[in-house]
Number of protein chains: 2
Amino acid sequence: MTATVHPLRPGAAPSLDPIVQLVAADLNKVNAVILERMQSEVALIPELAGHLIAGGGKRMRPMLTLACAALVDYQGARHHRLAAAVEFIHTATLLHDDVVDGSGLRRGRRTANMIWGNPASVLVGDFLFSRAFELMVEDGSLKVLKILSRASSVIAEGEVSQLTAQRRIDTGEDHYLEIISAKTAALFAAACRIAAVVAEREEEAEAALDAYGRNLGIAFQLVDDAIDYSSDAATMGKRVGDDLRDGKVTLPVILAYARGSETDRTFWREAIAGGAAEPDLARATDLLEETGALADTLERARLFGRRAIDALGAFPAGRAKAALVETVEFAIQRAY
Amino acid sequence: MTATVHPLRPGAAPSLDPIVQLVAADLNKVNAVILERMQSEVALIPELAGHLIAGGGKRMRPMLTLACAALVDYQGARHHRLAAAVEFIHTATLLHDDVVDGSGLRRGRRTANMIWGNPASVLVGDFLFSRAFELMVEDGSLKVLKILSRASSVIAEGEVSQLTAQRRIDTGEDHYLEIISAKTAALFAAACRIAAVVAEREEEAEAALDAYGRNLGIAFQLVDDAIDYSSDAATMGKRVGDDLRDGKVTLPVILAYARGSETDRTFWREAIAGGAAEPDLARATDLLEETGALADTLERARLFGRRAIDALGAFPAGRAKAALVETVEFAIQRAY
């Protein structure tokens, strides 16, 4: 891609290393909870769940809970169980997403639905989702339960909304942002917010962590949507152009469609509507480049990233804050 | 079917009328909660959910919560919201079940997955499931949340276990009873138990209502499994023989297989294993009759029904108890 690089911290290549190092000890405990609580006498459950849970995920959401807990100087151990609950909710949505999209590849491996079939993926997703609530109930905070049950409803609404928008080229940027705020950013926001809840911090701290997570989540999704059209998709373990084949109208397409000539718009309309022929991915990426749609999608991701970082303004400088800031920088620069 | 009728209350045809009349006013309030809380700005959600929720279900589980609340003389209004949560959990599992089984017909109407597709059914199920937890969080009882989150995990385990047992003729009666205890009876038990929780009754009352619901649930499922092979299936809005076509090993088949000649056992093995040909349903029902498998499935249902009624022993006689007893009688006699 030709988009210009404007790193927030010029000269350094941002990475997840700071957050990974910050939460390493805690994450081991979260992983122990995950491993213990995905067990079942029904052997297919840990087998299928383990395929995805052990399958190279970054544990981004639990890491955010842990890093935010460090930011607010939380000294207890409740965040281990709750971070595991967040990861279970996330894993359940991934299992169902792959069924919904008929995906065959995730993180470079065959998806669970390809190996064990859609029925098993649906039901094991339901199990993990229920287990997430059991973990929250064990923690015993109604406030946390409220935050995560609300996030779960919003995620499902976002997913249905995306399904409704599928193959509809008339999806606007605002509608698209609503969809990704719901399907992706709601869980990022909740994962961060609950750290302030367990630390019994004031509402302002909760709201600030929520805003950090929400804006980071939007930035993350925008970059993912750009990556789907870039050669980096292959290195991320996905197929390039899956969104186009699925008729998903993401921001790059929305911008390219808005800016295109009448011929270009006909191309997009037909590519998104689908039909007998495989869409012309080369032409699509050419148009995304020519119209600046990819570059501007990443520019918008940068904007949301800035808002995420600004949301941390009131928290004291230190290792946790630096790690959370660099996580944003990593999120918005990984596609460049 | 030729099984002999042995009604618990000779001379009367048991019906759901007593429980329906007992809870009518409360059920209106539950229905109002259901209608209000299945709404979403995403139009497909109430459309799809409404198809199933308004589609002629008996509201058996919410009625049980309400009737059990009457039995323990509960005077508040918390059970309305919680009964709606129970119905949402049930509806979510039905939506996912129909995807898992590829069902086309439920209660005589086309299934949601046939009308709106599997992806929509999976995601709207997720929404209703999340919404159920939001309702419980609003109620605010961690005890209720624990009971229903545990029941949800157990249901999912039961569903996966059934999936694993599918097309396996070597499924034994004990294993089968474990499966239906989990996938069906756990929610019946929880629906009844939470009535004692909101009424702040002692643990013994909770356990008794749990036992009532659990045994009733098992009886219900056993009768359903028998009905699947009877001409009554059509009147229930299902296709006769769906379980056999799906390779589901239910108690009638387990008993007929255990009692069959070597030729019969070969027939069952091949019918359950599936293959190119449609299974010979006429031969299957002949064998189920000849071996007494259907009659004995219903006899076992009667046994669990007796246990359900006995579990109510310590509660005072009255309209609520009579209604709960007759609900059991209805459950076990509707196939005769």
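Up top you'll find the structure we're talking about.
What this report covers is the structure whose coordinates are included nearby. Nothing here was measured: the structure is a model prediction, and the numbers come from that model.

How each quantity is defined
Residues numbered from 1 in each chain as written. Chains lettered and ligands numbered in written order. Predicted model: local features only at pLDDT ≥ 70, side-chain atom pairs only at ≥ 80, totals over all residues. Heavy atoms only, no water. Helix = DSSP H or I, 4+ residues; strand = E, 2+ residues; numbered from the N terminus. Rg over C-alpha atoms; globule rule 2.2 N^0.38 Å. Areas by Shrake-Rupley, 256 points an atom, 1.4 Å probe, with all protein chains shown as cover. Lys, Arg positive; Asp, Glu negative; His and termini not counted. Charge placed at Lys NZ, Arg CZ, Asp CG, Glu CD. Axes fitted to C-alpha atoms, helices over the stretch in contact; angles between N-to-C directions. Parallel < 35°, antiparallel > 145°, perpendicular 65-115°, else oblique. Left-handed = near helix turned anticlockwise from the far one by under 90°. Contact = heavy atoms within 4.5 Å. Nonpolar A, V, L, I, M, F, W, Y, C, P; charged D, E, K, R; others polar. Buried area = accessible area lost by both parts, 1.4 Å probe. Salt bridge = Lys/Arg side-chain N within 4 Å of Asp/Glu carboxyl O. Buried < 20%, exposed > 50% of the residue type's maximum accessible area, 1.4 Å probe, protein only. Least-squares fit on C-alpha atoms with pLDDT ≥ 70 in both. Expected span 1.5 Å × (residues − 1). Arc of directions from axis to C-beta. Phe/Tyr/Trp six-rings, centres within 6.5 Å; stacked < 30°, edge-to-face > 60°. Lys NZ or Arg CZ within 6 Å of the ring centre and 35° of its normal. Patch = residues over 30% accessible without salt bridge, like charges linked within 9 Å, V, L, I, M, F, W, Y side chains within 5 Å. Core = buried A, V, L, I, M, F, W, Y, C linked by side-chain atoms within 4.5 Å. Polar contact = N/O pair within 3.5 Å; in protein donor to acceptor, adjacent residues only side chain to side chain. Disulfide = S-S within 2.5 Å.

A look at the overall build of chain A
Part 1: Along chain A, the regular secondary structure elements total 16 helices and two strands.
Part 2: What you see for chain A is a C-alpha radius of gyration of 20 Å, in line with the 20 Å of a compact globule of 336 residues.
Part 3: Based on the C-alpha atoms only, the size of chain A along its principal axes is roughly 60 × 50 × 30 Å.
Part 4: With the model as given, the accessible surface of chain A reaches about 12,700 Å², and the carbon-plus-sulfur share is 50%.
Part 5: Once the 37 positive and 46 negative side-chain charges of chain A are each reduced to a mean point, those two points are 2 Å apart.

Concerning the packing of helix H1 (residues 17–37) of chain B against helix H3 (residues 60–71) of chain B
Residues and elements named next belong to chain B.
Part 1: Running from amino to carboxyl end, H1 crosses H3 at an angle of 110°, the nearest separation of the two axes being 9 Å. Looking at the two axes, H1 sits roughly perpendicular to H3. Judged by the twist between their axes, the crossing of H1 over H3 is right-handed. Contacts between H1 and H3 involve Ile19, Val20, Leu22, Val23, Asp26, Leu27 and Val30 from the first element and Pro62, Met63, Leu64, Leu66, Ala67 and Ala70 from the second.
Part 2: Classifying every residue of the contact of H1 with H3 gives twelve nonpolar, no polar and one charged.

As for the packing of helix H4 (residues 78–101) of chain A against helix H8 (residues 173–198) of chain A
Residues and elements named next belong to chain A.
Part 1: Look at H4 against H8: their axes get within 11 Å of each other, and the N-to-C directions meet at 165°. One finds that H4 runs roughly antiparallel with respect to H8. Relative to H8, the crossing made by H4 is right-handed. Residue-level inspection shows Arg78, Leu82, Val86, Ile89 and His90 of H4 in contact with H8, the latter providing Leu187, Ala191, Ile194 and Val198.
Part 2: A breakdown of the residues in the contact of H4 with H8 according to their chemical character gives seven nonpolar, one polar and one charged.

Thoughts on the interface of chain B and chain A
Part 1: Each side of the interface is counted separately: chain B has 35 residues, and chain A has 35 residues.
Part 2: Buried surface at the junction of chain B and chain A, both sides included, amounts to about 3,200 Å², of which 74% is carbon and sulfur.
Part 3: In this structure, the salt-bridge partner of Arg150 of chain B is Glu134 of chain A, at a minimum N-O distance of 3.6 Å.
Part 4: Elements supplying a minimum of two residues to the side of chain B that touches chain A: helix H2 (44–53), helix H4 (78–101), helix H6 (118–139) and helix H7 (142–165) of chain B.
Part 5: Here the side of chain B that touches chain A takes 14 residues from H7 of chain B, the largest share from any one element.
Part 6: Looking at the side of chain B that touches chain A, its residues break down into 18 nonpolar, nine polar and eight charged.

Digging into unusual backbone geometry
Residue and element names in this part refer to chain A.
Part 1: Of note in the backbone geometry, Glu200 takes a positive phi value of approximately 55° without being a glycine.
Part 2: If you trace the backbone, Glu200 turns up in the loop between H8 and helix H9 (203–227).
Part 3: Among the residues examined, Glu200 registers a relative accessible area of 68% and is labelled exposed.

Remarks on the relation of the copies chain B and chain A
Part 1: Between chain B and chain A, the superposition needs a rotation of 180° and an axial shift of 0.0 Å, giving an RMSD of 0.0 Å. Considering both components of the superposition, the chain copies are consistent with a two-fold axis.
Part 2: Most of the interface of chain B is mirrored in chain A: 100% of its interface residues are interface residues there too.

Topic: helix H13 (residues 262–273) of chain B
Residue and element names in this part refer to chain B.
Part 1: Here H13 contains twelve residues, and its C-alpha end-to-end distance of 16 Å stays within 8% of the 16 Å for a straight helix at 1.5 Å per residue.
Part 2: Buried within H13 are the following residues: Asp264, Phe267, Trp268, Ala271 and Ile272. Down the axis, H13 shows its buried residues gathered within 120° of arc, on one side only. Turned more than 90 degrees away from the buried face of H13 sit Glu262, Thr263 and Glu270, all of them exposed.
Part 3: Those residues of H13 that are buried lie in contact with helix H11 (242–245), helix H12 (251–259) and helix H14 (281–290).

Observations concerning the packing of aromatic side chains
Where two aromatic rings form a pair, the distance of their centres and the angle of their planes describe that pair.
Part 1: This structure, assessed with the given rule, holds eight aromatic pairs over all chains.
Part 2: Ring plane angle 75° and centroid distance 5.3 Å describe the contact between Phe129 of chain A and Phe133 of chain A, whose orientation is recorded as edge-to-face. Of this pair, Phe129 of chain A and Phe133 of chain A both sit in helix H6 (residues 118–139), four residues apart, which is roughly one turn of the helix.
Part 3: With a relative accessible area of 10%, Phe129 of chain A lands in the buried category.
Part 4: Overall, Phe133 of chain A belongs to the buried group, its relative accessible area being 0%.
Part 5: Among the aromatic residues, ring-to-ring pairing joins Phe129 and Phe133 of chain A together with Phe129 and Phe133 of chain B into one connected group.
Part 6: Against the face of Tyr257 of chain A rests Arg265 of chain A, its NZ or CZ located 4.3 Å from the ring centre.

Let's talk about a negative patch on the surface
Part 1: The grouping of Asp280, Asp286, Glu289 and Glu290 of chain A at the surface amounts to a negative patch.
Part 2: Within the secondary structure, Glu289 of chain A is located in helix H14 (residues 281–290).

With respect to the nonpolar core
Part 1: Of all hydrophobic cores here, the largest spans 211 residues; its most connected members are Leu209, Tyr212 and Trp268 of chain A together with Leu209 and Tyr212 of chain B.
Part 2: Here this core gets 16 residues from one element, more than from any other, and that element is H8 of chain A.
Part 3: Not counting residues up to four positions away in its chain, the partners in contact with Tyr212 of chain A are Leu64, Cys192, Ala308, Ala311, Leu312, Leu324, Thr327 and Val328 of chain A.
Part 4: Grouped together as the second largest cluster of nonpolar side chains are 33 residues, Tyr176, Ala185, Leu251 and Ala284 of chain B included.

Points about the environment of Met38 of chain B
Residue and element names in this part refer to chain B.
Part 1: Topologically, Met38 is positioned in the loop between H1 and H2.
Part 2: Remark: the alpha-carbon pair of Met38 and Phe88, spanning 50 residues in sequence, is separated by 8.6 Å.
Part 3: Residues within four places of Met38 in sequence aside, it is in contact with Ile45, Pro46, Ala49, Gly50, Ile53, Phe88, Phe127 and Leu128.

Digging into H14 of chain B
Residue and element names in this part refer to chain B.
Part 1: Those residues of H14 that sit buried are Ala284, Thr285, Leu287 and Leu288. Take H14 and look down its axis: the buried residues cluster within an arc of 160°, on one side only.
Part 2: Two or three places before Ala282, at the opening of H14, Asp280 has a side-chain oxygen 3.3 Å from that residue's backbone nitrogen.
Part 3: Just beyond H14, the residue with positive phi is Gly292, at close to 70°.

Quick notes on the side chain of His90 of chain B
Part 1: Take His90 of chain B: it is sitting in helix H4.
Part 2: Apart from the residues lying within four places of it in its own chain, the contact partners of His90 of chain B are Arg61, Arg107 and Leu187 of chain B.

Let's talk about the state of the cysteines
Residue and element names in this part refer to chain A.
Part 1: Using the criterion set out here, one finds zero disulfides over all chains in the structure.
Part 2: Unpaired in this structure, Cys192 has its nearest cysteine sulfur neighbour in Cys68, at a distance of 3.7 Å.
Part 3: Cys192 gets classed as buried once you look at its relative accessible area, which sits at 0%.

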